Amino acid sequence: MSGGGFSVVMSDLSSAASAFDSESKKLAGLVPAGGPPVPDAGSGTIDGAMHSTVSKIGALTQALSQAMAAHGKKLAQAHDNYNNNELTMAQLSQDLSNALAPVPATPHPVGK
């Protein structure tokens, strides 16, 4: 892409999409979906509360990871849409230039 720094925006979109994708995978691997392991506290009530809490932490971490991945896909789609629109606009511009180009006059035969 050219003109006015537009290429920087395109590369930024691509880089951001890649970063969101890779970081979402890293985040998903940090905390298991069921949450991290918890020690035995010696009381069933406390153990239950800790398991419930870490389970929610695991679920929230997975949800955040999925949201990050979804945003990465949206950024990649935005990149692709801008790229396609830029190519479409360039083709339209070229087609209009060709259509509006002056047609050379054909010489008329002399004496006819």
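Residues numbered from 1 in each chain as written. Predicted model: local features only at pLDDT ≥ 70, side-chain atom pairs only at ≥ 80, totals over all residues. Heavy atoms only, no water.

## Quick word on the overall build of the protein
Then step 1. On a plain count of helices and strands, the protein comes out with two helices and zero strands.
Then step 2. Looking at the protein residue by residue over its 112 residues, the buried ones come to 14%.
Then step 3. Carbon and sulfur atoms provide 63% of the accessible area of the protein, an area that totals close to 8,200 Å². (Helix = DSSP H or I, 4+ residues; strand = E, 2+ residues; numbered from the N terminus. Buried < 20%, exposed > 50% of the residue type's maximum accessible area, 1.4 Å probe, protein only. Areas by Shrake-Rupley, 256 points an atom, 1.4 Å probe, with all protein chains shown as cover.)

## Some remarks on the pattern of salt bridges
Then step 1. Tallying each qualifying case throughout the model produces two salt bridges.
Then step 2. Across the pair lysine 25 and aspartate 21 runs a salt bridge, and its minimum N-O distance is 3.2 Å. Of this pair, lysine 25 and aspartate 21 both sit in helix α1 (residues 6-30), four residues apart, which is roughly one turn of the helix.
Then step 3. Exposure remark for aspartate 21: the relative accessible area of 33% places this residue in the partly exposed category.
Then step 4. For glutamate 23, the salt bridge identified is with lysine 26, shortest N-O distance 3.2 Å. Of this pair, glutamate 23 and lysine 26 both sit in helix α1, separated by three residues, roughly a single helical turn.
Then step 5. Take lysine 26: its relative accessible area is 53%, and that puts it in the exposed class. (Salt bridge = Lys/Arg side-chain N within 4 Å of Asp/Glu carboxyl O.)

## Things to note about a nonpolar patch on the surface
Then step 1. Side chains of Met89, Leu92, Leu96 and Leu100 sit close together on the surface and give an oily, nonpolar patch of about 430 Å² of accessible area.
Then step 2. Locating leucine 92 in the fold gives a position in helix α2 (residues 44-100).
Then step 3. Here leucine 92 falls in the partly exposed class, since its relative accessible area comes to 43%. (Patch = residues over 30% accessible without salt bridge, like charges linked within 9 Å, V, L, I, M, F, W, Y side chains within 5 Å.)

## Some thoughts on α2
Then step 1. The end-to-end C-alpha distance of α2 is 83 Å, a good match for the 84 Å that 57 residues give at a rise of 1.5 Å each.
Then step 2. For α2, the set of buried residues is Asp47, Val54, Gly58, Thr61, Gln62, Ser65, Ala69, Gly72 and His79. (Expected span 1.5 Å × (residues − 1).)

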